[in-house]
Amino acid sequence: MQRHYFLAVKLPDEAKTKLAKICSDLKNEHHFKTWVHPEDFHITLAFLGVASSEKIEKLHKLLNEKMNKTENVFSLQVNQFGFFGNEQHPRIFWAGVEDEPFLYTLQKQVAYVCEKAGFQLDKRPYAPHITLARKHIKSAHHLVDPQKWWKQYGKEIRFHADQFVLYETHIEKHPKYHVLHSYSI
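For the structure given in this document, a descriptive report is provided here. (Residues numbered from 1 in each chain as written. Predicted model: local features only at pLDDT ≥ 70, side-chain atom pairs only at ≥ 80, totals over all residues. Heavy atoms only, no water.)

1. Concerning the pairing of strand β6 (residues 129-136)
(1) Moving on: Burial within β6 is extensive, with six of its eight residues counted as buried.
(2) Moving on: Bridge count for strand β2 (residues 32-35) against β6 is three bridges, and the pairing is antiparallel. Looking across to β6, one finds that W35 is bridged to A133.
(3) Moving on: As judged from the five bridges shared by strand β5 (residues 92-97) and β6, these two strands associate in the antiparallel manner. Bridge pairing links A95 to I130 in β6. (Buried < 20%, exposed > 50% of the residue type's maximum accessible area, 1.4 Å probe, protein only. Helix = DSSP H or I, 4+ residues; strand = E, 2+ residues; numbered from the N terminus. Pairing = 2+ DSSP bridges.)

Right, dumping it as structure tokens:
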């Protein structure tokens, strides 16, 4: 089976636990086909797709050379819910983080290294988020309203971002993301 790879900010356990509690509360009234396993919560920096082991090793080497010298640990705060896709039947339900310049700088640095390693990345503007659930199941009783959901279930969660990781996807497992390498921020 071909594996997909991506680079992401790894959330600390405490933040994952708090997000899992919020999701548990939401599940009782709002239905999605798939809820993300708490161990899989992350903030994507670059989606790489399918890659050979040689290409992954080249990327790992470049990331070690270029990235582990920054030492810019920063704080992030979860402060909203949102959706991607049709408002009445969204594809993705996510938790957003407040704008943090260091996160955008990190993403640009990671993207640059990925491109140097030969990866072609998505050109859409960067939209940092933590995916919580996928594929909303329509219900006549509950409208999709991320602001209302945030007021009812949301809780600001602050955490330090001190590492990012290279994940390998195992869609047949739960949790499905396996850390191949970790990098200091």
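That shown, we press on.
2. Describing the pattern of salt bridges
(1) Moving on: In this structure the tally under the stated criterion is seven salt bridges.
(2) Moving on: A salt bridge links E115 to K123; its shortest N-O distance comes to 3.0 Å.
(3) Moving on: Under the relative-accessibility criterion, E115 is labelled partly exposed at 38%.
(4) Moving on: Judged by relative accessible area, which is 68%, K123 ranks as exposed.
(5) Moving on: Between R124 and D122 there is a salt bridge; the shortest N-O distance is 2.6 Å.
(6) Moving on: Classification of R124 as exposed rests on a relative accessible area of 64%. (Salt bridge = Lys/Arg side-chain N within 4 Å of Asp/Glu carboxyl O.)

3. Considering the side chain of T169
(1) Moving on: Along the chain, T169 turns up in strand β8 (residues 163-169).
(2) Moving on: Overall, T169 belongs to the buried group, its relative accessible area being 10%.

4. Topic: the layout of surface pockets
(1) Moving on: Put simply, the largest pocket is a space of about 1300 Å³.
(2) Moving on: Along the wall of the largest pocket there are 32 residues; nearest its centre are T44, F47, D122, R124 and H129.
(3) Moving on: Put simply, the parts of the chain that give the lining of the largest pocket at least two residues each are β1 (4-10), β3 (42-50), α3 (101-116) and β6.
(4) Moving on: It is β3 that contributes the most residues to the lining of the largest pocket, six residues altogether.
(5) Moving on: Here the residues of the lining of the largest pocket sort into 16 nonpolar, seven polar and nine charged. (1 Å grid on protein atoms, 1.4 Å probe; cavity = no way out; pocket = protein on both sides within 12 Å on 5 of 7 lines; lining within 4 Å. Points joined across faces, edges and corners; volume = space filled by probe spheres on them. Nonpolar A, V, L, I, M, F, W, Y, C, P; charged D, E, K, R; others polar.)

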